[in-house]
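Chain and residue survey
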Amino acid sequence: MNTDQASELTVYFDGSCPLCTLEIDHYKRQSGAQKLCFVDASSSPDLGSDLPRETALGRFHVREANGALLSGARGFVAIWSILPRWRWAARLAGLPAVTPLLEVAYRGFLPLRPWLARIAARRLP
């Protein structure tokens, strides 16, 4: 598995998805991104025995330093808690019922992802 010992989170993303790539590129440019290890699940040979490639490509996942795997909204909240410019969103997500609502929104987004990825592909150089 491609992880950095200093990383607080390993972020698995679908590098074959233009929309996903745009978002991950945004996170990579943020202050604090050095605490994140980004792994392209579409091309990495090892994602860990508990994360099949098909699962990693179908839904957003992050792995905490202790090995715990988070997905969907919980994964995004974990990233936001590390990036200083996004901590406000992590704090908001920490309010009662907010993360479950974000998960509902994320699940609603997933069927739209292929369509949005096609739009994002037109924006890439």
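The structure this text deals with has already been given above.
Quick look at the structure, then.

Conventions and cut-offs
Residues numbered from 1 in each chain as written. Predicted model: local features only at pLDDT ≥ 70, side-chain atom pairs only at ≥ 80, totals over all residues. Heavy atoms only, no water. Helix = DSSP H or I, 4+ residues; strand = E, 2+ residues; numbered from the N terminus. Rg over C-alpha atoms; globule rule 2.2 N^0.38 Å. Buried < 20%, exposed > 50% of the residue type's maximum accessible area, 1.4 Å probe, protein only. Contact = heavy atoms within 4.5 Å. Areas by Shrake-Rupley, 256 points an atom, 1.4 Å probe, with all protein chains shown as cover. Lys, Arg positive; Asp, Glu negative; His and termini not counted. Charge placed at Lys NZ, Arg CZ, Asp CG, Glu CD.

1. Quick word on the overall build of the protein
- Looking only at helices and strands, the protein features six helices and four strands.
- Listed N to C, the secondary structure of the protein is β-α-β-α-β-β-α-α-α-α in terms of helices and strands.
- The C-alpha atoms of the protein give a radius of gyration of 14 Å, which matches the 14 Å a tight globule of 125 residues would have.
- A principal-axis box enclosing the C-alpha atoms of the protein has dimensions of 35 × 30 × 30 Å.
- Residues classed as buried in the protein amount to 42% of the 125 residues present.
- In the protein, once contacts between residues fewer than 6 apart in sequence are set aside, the share between residues at least 24 apart is 63%.
- Accessible area of the protein: about 7,200 Å², with a carbon and sulfur share of 58%.
- Between the mean site of the 15 positive side-chain charges and the mean site of the 11 negative ones, the protein shows a separation of 8 Å.

2. Considering unusual backbone geometry
- Positive phi, close to 75 degrees, is recorded for Ala97, a residue that is not glycine.
- Turning to its location among the elements, Ala97 is positioned in the loop between α4 (87–93) and α5 (98–109).

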